[in-house]
Amino acid sequence: MTSLWKIFLVFAKIGAFTIGGGYAMIPLIRDEMVKRGWMTDEELPDIIALAQSAPGVLAVNMSVFAGYRLRGVKGSIAATLGATLPSFLIILAIAMVFSGYQDNPVVVRIFKGIRPVVVSLIVVPMIRMAMKNNGTWWAWAITAGAMAGVAFLQISPIWILLVLLVTGTAVSIFKERRSRNG
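Here is what the cut-offs are and how they apply
Residues numbered from 1 in each chain as written. Predicted model: local features only at pLDDT ≥ 70, side-chain atom pairs only at ≥ 80, totals over all residues. Heavy atoms only, no water. Helix = DSSP H or I, 4+ residues; strand = E, 2+ residues; numbered from the N terminus. Buried < 20%, exposed > 50% of the residue type's maximum accessible area, 1.4 Å probe, protein only. Contact = heavy atoms within 4.5 Å. Areas by Shrake-Rupley, 256 points an atom, 1.4 Å probe, with all protein chains shown as cover. Lys, Arg positive; Asp, Glu negative; His and termini not counted. Charge placed at Lys NZ, Arg CZ, Asp CG, Glu CD. Axes fitted to C-alpha atoms, helices over the stretch in contact; angles between N-to-C directions. Parallel < 35°, antiparallel > 145°, perpendicular 65-115°, else oblique. Left-handed = near helix turned anticlockwise from the far one by under 90°. Nonpolar A, V, L, I, M, F, W, Y, C, P; charged D, E, K, R; others polar. Core = buried A, V, L, I, M, F, W, Y, C linked by side-chain atoms within 4.5 Å. Salt bridge = Lys/Arg side-chain N within 4 Å of Asp/Glu carboxyl O.

**Observations concerning the overall build of the protein chain**
- Counting secondary structure elements, the protein chain contains 7 helices and 0 strands.
- The secondary structure elements of the protein chain, listed N-terminal to C-terminal, are α-α-α-α-α-α-α.
- Seen through its principal axes, the protein chain has C-alpha atoms that stretch 70 × 45 × 25 Å.
- Here the protein chain holds 182 residues, and 28% of them are scored as buried.
- Taking the intrachain contacts of the protein chain between residues at least 6 apart in sequence as the baseline, contacts between residues at least 24 apart amount to 51%.
- Accessible surface computed for the protein chain: about 12200 Å², of which carbon and sulfur atoms make up 71%.
- The protein chain carries 17 positive and 8 negative side-chain charges, and their two centres are separated by 2 Å.

**As for the packing of helix α1 (residues 4-16) against helix α4 (residues 58-98)**
- Two elements in contact, α1 and α4, have axes separated by 7 Å at closest approach and are oriented at 40°. What the angle tells us is that α1 and α4 run oblique. Here the hand of the crossing between α1 and α4 comes out right-handed.
- Taken together, the residues that form the contact of α1 with α4 break down as 15 nonpolar, 5 polar and 2 charged.

**Examining the nonpolar core**
- Ranked by internal contacts, the top residues of the largest apolar core, which has 24 residues, are I7, F11, I29, M33 and M62.
- Elements supplying a minimum of two residues to this core: α1, α2 (22-35), α3 (44-53) and α4.
- It is α4 that provides the largest number of residues to this core, a total of 8 residues.

**Observations regarding the pattern of salt bridges**
- Under the defined criterion, the tally for this structure stands at 7 salt bridges.
- A salt bridge links E32 to K13; the shortest N-O distance between them is 2.7 Å. In this pair, E32 sits in helix α2 while K13 sits in helix α1, placing the two residues 19 residues apart along the sequence.
- Across the salt bridge formed by K35 and E32, the nearest N and O atoms sit 3.6 Å from each other. With a gap of 3 residues between them, K35 and E32 both fall in helix α2, about one helical turn apart.
- When its relative accessible area of 57% is taken as the criterion, K35 is described as exposed.
- A single network of salt bridges, built from pairs that share partners, joins K13, E32, K35 and R36.

And the structure:
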């Protein structure tokens, strides 16, 4: 059984070295959990789906679900504290040091330079998950369409999910009726 301290330390490491929020945490959580045998690659999409469907911040939700999977409620608390405490302390320190420098051109350029890295940290796990789970051309088309809709057309992911839910349900009903009628 994994110790609560170990769960805390692993998620503190993830929380300390992640820039860009919950989606940027996905590759680090995956690497740490799979490397330690706490989760398989096949289980990760389930945890991500649960974390996205629950209200709140994705990074915290992923920590809650992963910690719960390992040690129940105590594991959730340890993982959540581990994932959030480093960020809180880092932001507190930055706020104390840089409170007078937010308009400094060098600081502004540094943060603009970080943006492309954050985007890549989000896109790479999405592509990896799509490669593992999309076995047909239409699954790839749905993935590409959803990504394009959110990224370029500023369509809310909620609308995309609703359309796909209705479409998937309709297709399932159609196929079921078709198989019954021969």
